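Close look at the chain arrangement
Next come the chains, spelled out residue by residue.
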Amino acid sequence: MLAFILRRLIQAVIVMVTVAFISFMLFQYVGDPVVFLLGQDATPEQIRDMRAALGLDKPFIVQFWHFLVNAAQGEFGLSLRQGAKVSRLIAERFPATLELALVAALMALLIGVPMGVYAALRRGTFTSQLFMTLSLLGVSLPTFLIGILLILVFAVHLGWFPSFGRGDVTQLGWWSTGLLTAKGWHHIVLPAVTLAIYQLTLIMRLVRAEMLEVLRADYIKFARARGLTDRAIHFGHALKNTLVPVMTITGLQLGGLIAFAIITETVFQWPGMGLLFIQAVTFADIPVMAAYLCLIALIFVVINLVVDLLYFVVDPRLRVGKAGGH
């Protein structure tokens with residue numbers, strides 16, 4: 001187990017260094033940050049002094065090492081557009097994105113898993129076929145179109161939910177949350193549903209496929225021969241053995257929800273990291289772009305590590321295999 005964790009940690013470090021290098025290359029090939037800071041009318045002397053102050057006159061490898069050390073401490077310099085520390089901007093926006101992603105993930109799990117189980121156990125019924133048809137629509141429709149349709153129906157025509165913003169938030173130290181206020185929940189419904197629909201349909205189809213495969217396994221036949229009830233077979237044996245692939249997809253999709261909430265945040269003007277990144281791309285705000293890439297890579301690395309460790313908890317065959325290998 002310890003050797004497994006060490007291997008994963010080494011892999012995580014390699015991935016983070018690679019992403020940091022890609023982020024650093026943004027500073028080299030996506031415009032000159034000195035020109036962005038000083039403007040086009042800066043004199044050669046001002047540009048030279050600013051490059052020296054930022055350490056841009058040093059060799060490439062020295063610049064990258066300084067960037068790596070600062071990134072490990074969460075420091076990416078100043079935003080070229082807002083003039084504020086990038087770490088502060090990320091800290092202000094991250095709670096909104098994480099909150100939106102977690103609510104969307106819970107929606108996808110709490111609705112997608114029961115729908116997938118029902119579609120597997122009641123295969124061929126009208127409701128099961130309806131679920132599969134709706135899942136195709138959820139997979140096929142682009143996220144921005146789903147968001148616009150939800151705004152049109154539930155915000156413009158029915159007026160049930162607001163179409164933009166985060167609502168009232170509560171400060172818990174440096175962390176801000178809208179889940180402790182009624183208006184915060186009111187505002188999060190539409191963007192969370194928009195973000196959850198694709199994940200929900202994916203989980204539903206995965207659970208259905210895994211359940212159908214497990215129900216054909218020999219040990220399920222033996223369980224039936226022993227006289228176990230359908231409830232015990234379906235939920236005590238079949239559903240439990242679908243957890244490993246579902247857990248893998250759910251873990252990766254949580255990282256995807258955080259990383260790719262950009263479209264949803266833009267449609268609903270949700271004040272999260274995705275909207276900050278879009279604004280950074282528009283104005284070529286390279287420090288913000290680099291920080292976003294490194295943070296998203298870190299989130300994926302941590303989630304993958306947690307999912308790998310959960311395998312040992314959920315699937316005893318993995319523990320036996322590791323023990324036998326050693």
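Since the model is a prediction, treat every value here as computed from it, not as a measurement.

Considering the overall build of the protein
Secondary structure assignment for the protein yields 15 helices and two strands. Here the contacts in the protein between residues at least 6 apart in sequence split such that 71% fall between residues at least 24 apart. Working note: accessible area of the protein is about 17,700 Å², and carbon and sulfur atoms make up 69% of it.

Overview of helix H5 (residues 86-121)
A rise of 1.5 Å per residue sets the reference length of H5, with its 36 residues, at 52 Å; its end C-alpha atoms lie 51 Å apart and thus fit the reference within 8%. Its axis deflected by about 35 degrees at Arg93, H5 carries its strongest bend there, up to four residues before the proline Pro95.

Thoughts on the environment of Leu102
By the element assignment, Leu102 lies in helix H5. Along the backbone, Leu102 and Ala196 are 94 residues apart, and their C-alpha atoms lie at a distance of 9.7 Å.

Some words on unusual backbone geometry
With phi around 50 degrees, Gln269 is a residue other than glycine that occupies positive phi space. Following the sequence through the fold, Gln269 ends up in the loop between helix H12 (262-267) and helix H13 (273-282).

Quick look at the nonpolar core
Within the largest apolar cluster, 45 residues are counted, with the highest numbers of intra-cluster contacts made by Phe76, Ile258, Met273 and Ile296. Elements represented by at least two residues in this core include exactly helix H1 (2-29), helix H4 (60-72), H5, helix H8 (182-215), helix H11 (243-259), H13 and helix H14 (286-314). Sequence-distant contacts of Ile258, defined by excluding residues within four places in its chain, comprise Thr97, Leu98, Ala101, Met273, Tyr292, Ile296 and Ile299. Formed by 20 residues, the second largest nonpolar core is a distinct cluster that contains Met115, Phe131, Met204 and Ala238.

A word on the side chain of Thr194
Here Thr194 is to be found in helix H8. For Thr194, a relative accessible area of 3% puts it in the buried group. The residues touching Thr194, leaving out its near neighbours within four places in the chain, are Thr143, Ile146, Gly147, Leu150, Thr264 and Phe268.

Side note on the side chain of Glu210
Within the element layout of this structure, Glu210 appears in helix H8. Using a relative accessible area of 19% as the deciding quantity, one classes Glu210 as buried. Discounting chain neighbours no more than four positions away, the residues touching Glu210 are Thr242 and Pro245.

Considerations on the environment of His186
One can find His186 in helix H8. Separated by 25 residues in sequence, His186 and Phe161 have C-alpha atoms that sit 6.3 Å apart. Apart from residues lying up to four places away in sequence, His186 is in contact with Trp160, Phe161 and Pro162. Of note is the side chain of His186, whose polar atom sits 2.6 Å from the backbone oxygen of Trp160.

Describing the packing of helix H6 (residues 126-140) against H8
The geometry of H6 relative to H8 is characterised by a closest axis approach of 8 Å and an angle of 135 degrees between their N-to-C directions. Viewed along their axes, H6 and H8 adopt a mutual orientation that is oblique. Where H6 crosses over H8, the handedness of that crossing is left-handed. The residues of H8 that touch H6, namely those facing Phe131, Met132, Leu134, Ser135, Leu136, Gly138 and Val139, are Ile197, Tyr198, Thr201, Met204, Arg205 and Arg208. The residue makeup of the contact of H6 with H8, split by class, is eight nonpolar, three polar and two charged.

Points about the pattern of salt bridges
Under the definition given, this model contains three salt bridges. Between Arg88 and Glu92 there is a salt bridge; the shortest N-O distance is 2.7 Å. Here the residue Arg88 and the residue Glu92 both occupy positions in helix H5, the gap between them amounting to four residues, near one helical turn. Residue classification places Glu92 among the partly exposed residues on the basis of a relative accessible area of 42%.

Thoughts on the packing of helix H7 (residues 143-157) against H8
Axis separation between H7 and H8 bottoms out at 9 Å; the angle between their running directions is 145 degrees. Between H7 and H8 lies a crossing of right-handed hand. Across the interface between the two elements, Thr143, Ile146, Gly147, Leu150, Phe154 and Ala155 from H7 touch Leu190, Val193, Thr194 and Ile197 from H8. Here the residues of the contact of H7 with H8 sort into seven nonpolar, three polar and no charged.

Some thoughts on H7
A rise of 1.5 Å per residue sets the reference length of H7, with its 15 residues, at 21 Å; its end C-alpha atoms lie 20 Å apart and thus fit the reference within 8%. Along H7, the largest kink reaches about 30 degrees and is centred on Ile151. Along H7, the residues classified as buried are Ile146, Gly147, Leu150, Ile151 and Ala155. Residues of H7 that are buried make contact with H6, H8 and H12. Looking one or two residues past H7, Gly159 carries a phi angle of roughly 70 degrees, positive in sign.

Thresholds applied
Every chain is numbered on its own, with residues counted from 1 as its sequence reads. Where totals are concerned, whole chains, interfaces and linings use all residues; where local detail is concerned, this predicted model gives features only for residues with pLDDT of at least 70, and gives and counts side-chain atom pairs only at 80 or more. Remark: hydrogens and water are excluded; side-chain values derive from all non-hydrogen atoms of the structure. Each helix is a run of DSSP H or I of at least 4 residues and each strand a run of E of at least 2, with the numbering of both proceeding from the N terminus. We call two residues in contact when some of their heavy atoms are within 4.5 Å. Methods summary: accessible areas were calculated by the Shrake-Rupley approach with a probe of 1.4 Å, and residue burial reflects only the protein chains presented. Here the expected length of a helix is defined as 1.5 Å per residue gap, with one fewer gap than residues. Note on bend: at a given residue it equals the angle between the axes fitted to the 7 residues ending there and to the 7 starting there. By nonpolar core is meant a set of buried Ala, Val, Leu, Ile, Met, Phe, Trp, Tyr and Cys residues that side-chain atoms within 4.5 Å join together. Classification of residues uses two cut-offs on accessible area relative to the type maximum, computed with a 1.4 Å probe and protein chains only: under 20% is buried, over 50% is exposed, and between them is partly exposed. Polar contact criterion, stated in full: a pair of N or O atoms within 3.5 Å, where within protein one must be able to donate a hydrogen and the other to accept it, and residues adjacent in sequence count only if both atoms are side-chain atoms. In this description, a line fitted to the C-alpha atoms serves as the axis of each element, helices being fitted only across the stretch in contact, and the angle between N-to-C directions of two axes falls anywhere from 0 to 180 degrees. Throughout, the term roughly parallel applies to angles under 35 degrees, roughly antiparallel to angles over 145, roughly perpendicular to angles from 65 to 115, and oblique to all others. Note: crossing handedness is left-handed where the near helix turns anticlockwise from the far helix by less than a right angle, and right-handed where it turns clockwise. Charged residues are taken to be Asp, Glu, Lys and Arg, nonpolar residues to be Ala, Val, Leu, Ile, Met, Phe, Trp, Tyr, Cys and Pro, and polar residues to be all remaining types, Gly included. In the sections that follow, a salt bridge refers to a side-chain nitrogen of Lys or Arg positioned within 4 Å of a carboxyl oxygen of Asp or Glu.

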